[in-house]
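If you want the building blocks of each chain, they are given just below.
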Amino acid sequence: MTQITKVLVSKDQLQQRVQELGAEISRDYEGKELVLIGILKGGAVFMSDLMREITFPVGVDYMSVSSYGASSTSSGVITIKKDIDMDIRGKHILLVEDLIDTGLTLQHLKELFALREAASVRICTILSKPSRRLVDVPIDYSGIDIPDEFVVGYGLDYAEQYRNLPEVWIIKTGE
Ligand code: PRP
Ligand code: MN
Ligand code: MG
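Here goes a summary of the coordinates provided. This is a predicted model, so every value here is computed, not measured.

## Description of the site of ligand 1
Inspection of the region around ligand 1 gives 16 residues, with Gly42, Ser67, Asp101, Thr102 and Thr105 positioned closest. Counting only elements with at least two residues in the shell around ligand 1, the list comes to strand S2 (34-40), strand S5 (92-100) and helix H3 (104-115). Examining the composition of the shell around ligand 1, we find that 4 residues originate from one element, S5, more than from any other. In terms of residue class, the shell around ligand 1 is built from 6 nonpolar, 5 polar and 5 charged.

Pasting the structure below:
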């Protein structure tokens, strides 16, 4: 049986943190050409909230990459399922994620955008599980640290369900 058990991060907490991150990003990038790149699918909900907290016009694009399983190794390469459309050479890139777990996805994406000659590449995530990290990727804008629990909502799924929950919930899976 699968059930969502309790709210880990409320709507109010999420909204407050998104506003704070938006204000910080707006200050840091004022006068620069910034492109937000949302990482599908999980990053889509946070992305749509975050972009509306930024106080100047930004570019918006999305990409979709393969995920890693529990037995992943740091030598794995990411597969791009959907790439961005924009030419980002010379532009400042902010990768927008719902959750950083092992850090592998973002480590690879950071390298990829450096190779594509972005002016800079930074990372923004609303949730982070520091205890799960396999690679030490610097998170420039980190929303809320959470324990190593299976969580859903605010973009995060279990078997493609629950992304539309407005809060972050702990889910218990199994019999
Ligand atoms: C999740 C999450 C991040 C990634 C983080 O995506 O949204 O993109 O895993 O994991 P990592 O730090 O260990 O690399 P998932 O692969 O579940 O795809 P989804 O966003 O489409 O659900
Ligand atoms: Mn994802
Ligand atoms: Mg997922």
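## Considering unusual backbone geometry
Of note, the amide linkage connecting leucine 40 to lysine 41 takes the cis form, showing an omega dihedral of -5°. Structurally, the position occupied by lysine 41 is in the loop between S2 and helix H2 (43-51). The phi dihedral of alanine 159 is positive, around 50°, even though this residue is not glycine. Its location among the elements puts alanine 159 in the loop between strand S8 (151-152) and strand S9 (168-172). Not every positive phi belongs to a glycine, and glutamate 160 is a case in point at roughly 70°. Inspection of the secondary structure puts glutamate 160 in the loop between S8 and S9. Judged by the 7 C-beta atoms lying within 10 Å of it, glutamate 160 falls in the exposed class.

Rules used throughout
- Residues numbered from 1 in each chain as written.
- Chains lettered and ligands numbered in written order.
- Predicted model: local features only at pLDDT ≥ 70, side-chain atom pairs only at ≥ 80, totals over all residues.
- Near = placed C-beta within 6 Å.
- Helix = DSSP H or I, 4+ residues; strand = E, 2+ residues; numbered from the N terminus.
- Nonpolar A, V, L, I, M, F, W, Y, C, P; charged D, E, K, R; others polar.
- Buried ≥ 20, exposed ≤ 12 C-beta atoms within 10 Å, placed from the backbone.

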